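Chain by chain, the residues run as shown.
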Number of protein chains: 2
Amino acid sequence: MALTITAHETLDDAIQLTWSDGRESRFHHVWLRDNCPTSRHAETWERVDDVLAYDPEARAIEVALSAAGEVSVTWNDGHRSCFDGDWLRRHCYCEAARRERCLAPVTWAGGPGAGPPRAAHDAIMESDAGLLGFLEILRDRGCCVVDGMPDDPKAGEALAKRIAYLRETNFGVDFTVVSKPNPNNNAYTALELPAHTDLANREMPPGVQFLHCLVSEAPGGESVLVDGFHAVEVLREKDPAAFELLSSVPFDYRFHDTEWDVRWRAPVIGLDADGALREIRYNNALREPLNVSPELVKPVYRALRALVAVIRDPANEVRFRLAAGEMLVFHNRRVLHGRAAFDPNGGARELHGCYVDIDEMMSRIRVLGGENLLA
Amino acid sequence: MALTITAHETLDDAIQLTWSDGRESRFHHVWLRDNCPTSRHAETWERVDDVLAYDPEARAIEVALSAAGEVSVTWNDGHRSCFDGDWLRRHCYCEAARRERCLAPVTWAGGPGAGPPRAAHDAIMESDAGLLGFLEILRDRGCCVVDGMPDDPKAGEALAKRIAYLRETNFGVDFTVVSKPNPNNNAYTALELPAHTDLANREMPPGVQFLHCLVSEAPGGESVLVDGFHAVEVLREKDPAAFELLSSVPFDYRFHDTEWDVRWRAPVIGLDADGALREIRYNNALREPLNVSPELVKPVYRALRALVAVIRDPANEVRFRLAAGEMLVFHNRRVLHGRAAFDPNGGARELHGCYVDIDEMMSRIRVLGGENLLA
């Protein structure tokens, strides 16, 4: 349903539009002048003029509506701007409009019987609708198990590339998770891996992780998933001081072997500039000695124990056995993953992995038409 | 010079060591217990035990020093920990030690006659010392021009790969900057590009940019560099309120064509959790309509104009003509780059570009031995 503009008013420093659903949008003169369509390149649609290209005190002296829903503004310096009404509505910055544009994740707990959402390999590979449905699950719930994977070590990568190119790391473009001699990483042992996010030692850890199970014969090795966004909301409710510390005090993380020494320092709970949850960064294996002001040492350890207790609470864990022919896919910066210890002498266990970043996932969702917020 | 421990004292919740240079290091019991070497895997040296694996109230009841500089701690639960003295000193978290471990960038202004630092292609390619010297210039000053590049479109990529694998983006693993028909980006026109950072529309814009000049015959097209860290320090001095707004209020950036729609929202001035400058993110071409609380609109525009005026001040610009056979390399998230308009009918202009991220650059510096802060 197209909205129409039912009234307009020119204020001292803004124009106010009233829409057919009753919403009132106020656009400051400076905002309108800055967004005049003439300031953009005709082919790239990128901006050419910047904020020094116009008089910031320019005032709209006349506003007119066309039958086609365009808003024409005449400025006191003679310039004219013509805005599309739908475009203005989509970019309204009143508090209600800004709230409506926020996509909230669907957080989840766990417990006995809980399992991850599922999607089918062939549907993802064969149609854009299948791919989009899968990506919306990942975006909203942060994880998905893909069934019916071909018995081919390249099948996971082929599916990931339906989204975009892969994110390379010091472990390569893709990697094989098996118990190895002389491991450079605890993942390459048969040890339990408590729930963690991968590569917390990087400024931007990889976004989406793909773990295709090719062989699952070794006793043990059950998969564990924990929604980190749920866990930190539980923490915020129970222990707001711990949440505050873990979202402001940085931890150091490091991976090093003979070829690499990659380190980053950031809080466990990453918030964006609007205060929303952006990422969880927790990898005990890579955690370096705490390097904070002495008076924070005991409170920060206390806060970390409180969070780890929530993460380890079985009520927050989804536990399941990943079978050969299945691929676990998850948002590595939201959903913590782990595995039980396994017995490498009791049978083989082999996973193939790769990563695609969040920017690429979100771009693919937008291009496939699943999101229509700021077209 | 190896430091020795000259005294030790067991306090209520910490042990205190005094070193031969007079420094006193206080390590909380919980910090020591958390960092007991027995909590790590013998081969990967990654942590196995986490913060729930020990009693957080454990107390050191006996501390002994060995002649070899080791510090042995006996805990009230019977556990014993043995720490290397040098390791403890490197991880001391008193305020003085924490300050000493911060690497400050060497910021710079510009003005007539100012030029970028330089390095030689062959030295970088032929020796680790040459590579390390070049990387230290990039780390500290944020830019460098490499002379003596072979006349080969792959030469820039070959040099970048001395550091690590490349960062792929929607523009590919590498890209060619020429004036094109039907451009999807202002870089692919002959327009002036005012100083900007690339791909501000990504969660983590590429770190180090390589621009190898193969042909430079078109009139115009001079290169411009501005140290963004210098610019925002100038802003902080002149207009602290503008600095505060630009480091806290997010801007939206977006690139879209028929294949991609990549968006991110973050402040222009990115600070780390310790309050230090982490990145500058400013690309007017990709800047979307401001989407902030209405009362912030006018102050944020005012702040952005103040910053752009500093960036455009010729006293802060380094301007030079990049010649064929030279490669401009810069920290894309610190140093803004631009070019004057050029005349595509007056001759050819062709640059080949690629990116390597900051994590990989810093890792290479550490592995080559140029940094020795937390060995």
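Within each chain, residue numbers correspond to sequence positions counted from 1 in written order. Key to labels: chains lettered from A, ligands numbered from 1, both in the order written. Totals for whole chains, interfaces and linings use every residue, but because this is a predicted model, local features are given only for residues with pLDDT of at least 70 and side-chain atom pairs only at 80 or more, for both listing and counting.

Asks: How would you sum up the overall build of chain A? Please name residues and give values.
Replies: Broken down by element type, chain A carries 10 helices and 20 strands. Summarising its shape, the C-alpha atoms of chain A cover approximately 80 × 55 × 40 Å along the three principal directions. Counting over 375 residues, chain A shows a buried share of 44%. Residue pairs are scored as contacts if the distance between their C-beta atoms, which are placed from the backbone, is within 7 Å. By sequence separation, contacts in chain A at least 24 residues apart represent 72% of the contacts at least 6 residues apart. To qualify as a helix, a DSSP run of H or I must reach at least 4 residues; to qualify as a strand, a run of E must reach at least 2; elements of each kind are numbered from the N terminus. As a rule, residues whose C-beta atom has 12 or fewer other C-beta atoms within 10 Å are exposed, those with 20 or more are buried, and those in between are partly exposed; C-beta atoms are placed from the backbone.

Asks: An account of the interface of chain B and chain A is needed here, citing residue identities and associated values.
Replies: Opposite the 68 residues of chain B that make contact, chain A presents 68 residues. Every element with two or more residues in the side of chain B that touches chain A is listed here: strand E3 (24-28), helix H1 (29-34), helix H3 (95-100), strand E14 (261-266), helix H9 (297-312) and helix H10 (358-367) of chain B. For the side of chain B that touches chain A, the element with the most residues is H9 of chain B, which contributes 8 residues. Any residue that is not Ala, Val, Leu, Ile, Met, Phe, Trp, Tyr, Cys, Pro, Asp, Glu, Lys or Arg is counted as polar, Gly included; the first ten are nonpolar and the last four charged. Taken together, the residues that form the side of chain B that touches chain A break down as 33 nonpolar, 14 polar and 21 charged.

Asks: Break down the packing of helix H7 (residues 228-238) of chain A against helix H9 (residues 297-312) of chain A for me, citing the residues and quoting the values.
Replies: Residue and element names in this part refer to chain A. Fitted lines through C-alpha atoms give the axes, limited to the stretch in contact for helices. The angle between two N-to-C directions lies from 0 to 180 degrees. In contact at an axis separation of 9 Å, H7 and H9 are set at 130 degrees when each is read in the N-to-C sense. With respect to their mutual orientation, H7 and H9 come out oblique. Viewed along their axes, H7 and H9 form a crossing whose handedness is right-handed. Touching Ala231, Val234 and Leu235 of H7 are Ala306, Leu307, Val310 and Ile311, all from H9. A per-class count over the contact of H7 with H9 returns 7 nonpolar, no polar and no charged. Each angle is binned into one of four classes, with values under 35 degrees roughly parallel, values over 145 roughly antiparallel, values of 65 to 115 roughly perpendicular, and all other values oblique. In this scheme, a crossing is called left-handed if the near helix is turned counterclockwise away from the far one by less than a right angle; it is called right-handed if the turn is clockwise.

Asks: How would you explain the sheet that holds strand E10 (residues 193-196) of chain B if you had to name every residue and give the values?
Replies: All names here are of chain B. One requirement defines pairing of two strands: DSSP has to find at least two bridges between them. Taken in spatial order, the 4 strands make up an open sheet running E10-E19-E12-E17, and their pairing is antiparallel. Strands with a single pairing partner mark the edges of an open sheet, and in this sheet they are E10 and strand E17 (317-320). Across the sheet, the mean angle separating the axes of adjacent strands is 15 degrees when strand polarity is ignored. With 5 bridges joining them, strand E12 (residues 223-227) and strand E19 (residues 335-339) adopt antiparallel strand pairing.

Asks: Residues and numbers for the environment of Leu211 of chain A, please.
Replies: Residues and elements named next belong to chain A. Along the chain, Leu211 falls in strand E11 (residues 208-216). Taking the C-alpha atoms as reference points, Leu211 and Asn35, 176 residues apart in sequence, are found 44 Å from one another. When residues no more than four places from it in sequence are discounted, the contact partners of Leu211 are Met327, Leu328, Leu351 and Gly353.

Asks: I'd like a description of helix H10 (residues 358-367) of chain A, backed by residues and values.
Replies: The element H10 of chain A is largely enclosed, with a buried count of 7 among its 10 residues. Where H10 of chain A is buried, its residues touch helix H5 (128-141), E11 and strand E20 (349-356) of chain A together with E14 of chain B. Gly369 of chain A sits one or two positions beyond H10 of chain A and adopts a positive phi of about 90 degrees.

Asks: Mind laying out the relation of the copies chain B and chain A, listing which residues take part and the relevant values?
Replies: For this overlay, a least-squares fit was computed on C-alpha atoms, restricted to residues scoring pLDDT of at least 70 in both copies. Rotating chain B by 180 degrees and translating it 0.0 Å along the rotation axis places it on chain A, where the RMSD comes to 0.0 Å. Considering both components of the superposition, the chain copies are consistent with a two-fold axis. Nearest to the rotation axis, the C-alpha of Met204 of chain B is located 3.4 Å from it, this being the minimum over chain B.

Asks: Please give an account of the domain arrangement of chain A that cites residues and values.
Replies: Taken domain by domain, chain A holds domain 1 (5-100) and domain 2 (118-367). Each domain span listed reflects an automatic or database assignment of domains. Here the C-alpha centre of domain 2 of chain A lies 43 Å away from the C-alpha centre of domain 1 of chain A.

Asks: Go over the pairing of strand E16 (residues 277-280) of chain B, please, and point to the residues and values.
Replies: All names here are of chain B. One ladder, built from 3 bridges, connects strand E15 (residues 269-271) with E16; its direction is antiparallel. Across the sheet, the residue bridging to Leu271 is Leu277, located in E16. Linking E15 back to E16 in an antiparallel pair, the connection comprises 5 residues, with Gly275 at a positive phi of about 90 degrees.

Asks: Summarise unusual backbone geometry; cite the residues concerned and give the values.
Replies: All names here are of chain B. With phi around 50 degrees, Asn182 is a residue other than glycine that occupies positive phi space. Within the element layout of this structure, Asn182 appears in the loop between strand E9 (174-177) and E10. You can call Asn182 exposed: it has 7 C-beta atoms within 10 Å. Located in the positive-phi region is Leu199, a residue other than glycine, with phi close to 55 degrees. Along the chain, Leu199 turns up in the loop between E10 and strand E11 (208-216). The exposure class assigned to Leu199 is buried, which follows from the 26 C-beta atoms found within 10 Å.

Asks: Lay out the environment of Ala129 of chain A with the relevant residues and their values.
Replies: Following the sequence through the fold, Ala129 of chain A ends up in helix H5. It is 8.1 Å that separates the C-alpha atoms of Ala129 of chain A and Leu368 of chain A, two residues lying 239 residues apart in sequence.

Asks: Describe the sheet that holds strand E6 (residues 80-84) of chain B, and please don't skip the residues or the numbers.
Replies: Consider a sheet: its strands pair through backbone hydrogen bonds, and that pairing is either parallel or antiparallel. Residue and element names in this part refer to chain B. What the 3 strands build is an open sheet, ordered E4-E5-E6; its pairing is antiparallel. The open sheet has two free edges, formed respectively by strand E4 (60-65) and E6, since each of these has just one partner strand. With strand direction ignored, the average angle separating the axes of adjacent strands in the sheet is 20 degrees.

Asks: Give a detailed account of the confidence of the model for chain A, specifying residues and quantitative values.
Replies: Within a predicted model, pLDDT stands for the predictor's per-residue confidence, ranging from 0 to 100. Confidence in the prediction for chain A averages 95 pLDDT; 98% of positions are at 70 or higher. Confidence estimates for the predicted assembly give a pTM of 0.96 and an ipTM of 0.95.

Asks: Go over the environment of Gly110 of chain B with me, naming the residues and quoting the values.
Replies: All names here are of chain B. Take Gly110: it is sitting in the loop between H3 and strand E7 (118-120). Take Gly110: there are 20 C-beta atoms within 10 Å of it, and that puts it in the buried class. In this structure, the C-alpha to C-alpha distance between Gly110 and Leu225, residues 115 residues apart in sequence, is 8.5 Å. Apart from the residues lying within four places of it in its own chain, the contact partners of Gly110 are Val226, Ala315, Asn316, Glu317 and Val318.

Asks: Describe H5 of chain A, with residues and values.
Replies: All names here are of chain A. Over its 14 residues, H5 runs 20 Å from end to end, which matches the ideal 20 Å to within 8%, given 1.5 Å per residue. Three or more residues of H5 are buried, namely Leu131, Phe134, Leu135 and Leu138. Burial along H5 is one-sided: seen end-on, the buried residues are contained in an arc of 95 degrees. Each element contacted by the buried residues of H5 is listed here: strand E7 (118-120), helix H4 (121-126), strand E8 (143-147), E11, strand E18 (327-331) and H10. Just beyond H5, the residue with positive phi is Gly142, at close to 85 degrees. Expected helix span is taken as 1.5 Å per residue step, with the number of steps being one fewer than the number of residues. Arc definition: it is the arc formed by the directions from the helix axis to the C-beta atoms.

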